[in-house]
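# Examination of the molecular architecture
Each chain, written out:
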Amino acid sequence: MRFIQLFTLLIVAVGPAHAQGPVSQSRSYPRDYFRQPLDLPPQASGTFAELRSNHFHGGSDYRTQQRIGHPLHAIGDGYISRARVQLGGGGNALYITHPNGYTSVYMHMHVFNERIAAAVREQQYREQRFDVDVRLEPKIIPVKKGDIIGQTGNSGSSQGPHLHLEIRDTESEEPINPQLFGLEFPDNIPPAIQGITVYDLGDESFSEHTPRRHLQVSAGNSGQYALAQNTVIPINGRTGIGIVTSDKHNGSPFSNGVYSIELLLDGKPIYHAVFERFGFTDSRALNSHIDYPYYILKRTRIQKSFVDPNNPLEIYKQLVNDGVLVLTDNEVHQLMYRVRDVRGNTSTLGFSVQHNTAYQPERKRTPGTVIFNYDKENRYTSDHLQITVPENSLYDQLHFSYAQGTKPAKGYSLMQHVHNRMIPVHRGYQLAIKPDETLPVHLYGKALIVDSRGNSQGGRYEDGWVRTTAYSFGSFYVGVDTIAPTIRPQNISEGKNMATLSRMNLLIGDDLSGIQQFNGYLDDQWVLMEYDPKAGVLWHVFEPGLSKGKHHFRLEVVDWKDNKQVYEVNFLR
């Protein structure tokens, strides 16, 4: 049980004068030090700490008019401390370390400026790989506020052209809400409240079996909301409340994240979450912050206003009894949600609750196979399954269940039901499945673990078991990957004259384990191949000094089970 009161909280008034309240901060940030990164009027497509898949969003997303190539400026003086090329994630990303203790990060770029690109390219050829992480000393590439460091793009896991900007604490590397530094988006719209949920927690751990009551709301004026059916809500025993809420910005169709959520009981706060900053190591605990089982079933994220026992997030600035309600009198009590965006625009929702012993929610007891405690390492072993769940990998006590299903058509084991997908895991756990006698010796090196939806979980054969690190519970079996990746040339063919083309394009893909590496060779010399995994496009930009005449190109693509595909072609230049 946690009782948290942050006595050093700063209350900062920002934003427009209407529909506005004070914004909570643990400290002050320089609001006039940085400039906006683009010359475009700032419009948001995503905001800090938005609820994303398995993580909180770490920065501000700037709209770029649905195109790439806008000049990207350094937001302050400093030096390029890191340049990174990822296959997914942030794609082409730059890090600028500033002398005031903060580092700015720019992701999904199209290209770097010439000086930075040269440093990246040098390391790519040195390591003979596309994805690299270049660390630079302070005097190598200094920058001034406003310098053009490259162009906006759509690289990495970006789902459309935009700029992702982060501001991090240089020492701790924690991302901080960039709008607290004055890099704001126009916004005088209060957050929207779409609904609330009442959880009859009782004495059980929170799970998919926790009774839920979903209540609709109606909107009033100036961010004032009320329940659609404004009656007193009966509660009996330990009770939690959750909220579905989002925010919009002026001139943008996107629904973004809010800055703070506060729940008050009879005018006194019992829960206060503030999305000012967070640690990347704890970001996966978003799955504890939300009603994860309901998200898996309905794809709607309800933000719980009560906290699991082993939730490591430090966003909770005020907690009384972990946000759990326990009423023992027969009085009617007033609850109120107060939701704010980072500009101080505020929405409220008030409703009444009352302890009522006549209210008896229907509960489904789930004894499970064995109890897993979150503060200990947990192991389970059977003839066909071994799992080891490290300490602090669970957010609450778990009544772990295990069962076997039928053998899949392409499987080499029975389906192993490892609890279910409704309970999140904070870090990876060791999963091992024993293949049956139908797995031939010559396929041991091709064996891996596959989930019930046909997705590879990786793995290797070792001592009679196929072992991997898994990041979710669910249903798994042993499969094999014997099929090499595919290569499909797009604009190159045998004997073609490529003199008028600036680059060659190919499509690559893999059916199960995924692409591990690719290497291109031009006249037997390694050349840089660039890759967009979203589209499966691989390309090489011809060097200006490439001689005229006949050339030979060879491409090798290898998946994670070492299946190799080779494509060779002769062309003219």
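Refer to the structure above for everything that follows.
Described in the following lines is the structure provided in the data block. (Residues numbered from 1 in each chain as written. Predicted model: local features only at pLDDT ≥ 70, side-chain atom pairs only at ≥ 80, totals over all residues. Heavy atoms only, no water.)

### Considerations on the overall build of the chain
Tallying secondary structure elements over the chain gives 3 helices and 46 strands in all. For the chain, the spread of C-alpha atoms along the three principal axes comes to 90 × 65 × 40 Å. Relative to its 573 residues, the chain shows a buried fraction of 52%. Of the contacts formed within the chain by residues at least 6 apart in sequence, a portion of 69% connects residues at least 24 apart. Working note: accessible area of the chain is about 25600 Å², and carbon and sulfur atoms make up 48% of it. The chain carries 57 positive and 59 negative side-chain charges, and their two centres are separated by 3 Å. (Helix = DSSP H or I, 4+ residues; strand = E, 2+ residues; numbered from the N terminus. Buried < 20%, exposed > 50% of the residue type's maximum accessible area, 1.4 Å probe, protein only. Contact = heavy atoms within 4.5 Å. Areas by Shrake-Rupley, 256 points an atom, 1.4 Å probe, with all protein chains shown as cover. Lys, Arg positive; Asp, Glu negative; His and termini not counted. Charge placed at Lys NZ, Arg CZ, Asp CG, Glu CD.)

### Here we look at the sheet that holds strand β45 (residues 550-559)
An order of β42-β41-β45-β46 is seen for the 4 strands of this open sheet, with the pairing classed as antiparallel. The sheet is open, and its two borders are formed by β42 (525-527) and β46 (564-572), each paired with just one other strand. When strand polarity is set aside, the average angle formed by the axes of neighbouring strands in this sheet is 25 degrees. (Pairing = 2+ DSSP bridges. Axes fitted to C-alpha atoms, helices over the stretch in contact; angles between N-to-C directions.)

### Describing the side chain of N378
Mapping N378 onto the fold places it in strand β29 (residues 378-381). The class of N378 is buried, set by a relative accessible area of 7%. From its side chain, N378 meets the backbone oxygen of N373 in a polar contact 2.8 Å long. For N378, the residues in contact, after removing those within four places along its chain, are I371, F372, N373, I387, T388, V389 and L394. (Polar contact = N/O pair within 3.5 Å; in protein donor to acceptor, adjacent residues only side chain to side chain.)

### Quick word on the pairing of strand β21 (residues 239-246)
Most of β21 is tucked away, with 8 of its 8 residues classed as buried. By the alternation rule, side chains of β21 split into T239, I241, I243 and T245 and G240, G242, V244 and S246, which are all buried. Relative to β21, strand β17 (residues 192-200) runs antiparallel, the two being bridged by 8 bridges. Paired with G195 across the bridge in β21 is V244. Strand direction decides the pairing type here: β21 and strand β24 (residues 303-304), joined by 2 bridges, are antiparallel. The residue bridging I243 from the neighbouring strand is Q303, located in β24.

### Overview of the sheet that holds strand β39 (residues 486-489)
With antiparallel pairing, the 4 strands of this open sheet are ordered in space as β39-β40-β44-β43. Of all strands in the sheet, those bounded by a partner on one side alone are β39 and β43 (530-532). Strand-to-strand twist of the sheet, defined as the mean angle between neighbouring strand axes without regard to direction, takes the value 25 degrees. Pairing of β43 with strand β44 (residues 537-541) involves 3 bridges; the strand directions are antiparallel. Looking across to β44, one finds that Y531 is bridged to L538.

### Notes on unusual backbone geometry
Positive phi, close to 65 degrees, is recorded for N54, a residue that is not glycine. Within the secondary structure, N54 is located in the loop between β5 (51-52) and β6 (55-56). By relative accessible area, which is 31% here, N54 ends up partly exposed. If you check the backbone angles, S222 has positive phi at about 55 degrees while not being a glycine. Within the fold, S222 resides in the loop between β18 (212-219) and β19 (224-227).

### Regarding the packing of aromatic side chains
Per the stated rule, a full pass over the model turns up 24 aromatic pairs. On the numbers, 5.8 Å between centres and 50 degrees between planes, the contact of Y271 with Y316 is tilted. With a gap of 45 residues between them, Y271 in strand β23 (residues 268-274) and Y316 in strand β25 (residues 316-319) connect regions that are remote in the sequence. Since its relative accessible area comes to 1%, Y271 is described here as buried. (Phe/Tyr/Trp six-rings, centres within 6.5 Å; stacked < 30°, edge-to-face > 60°.)

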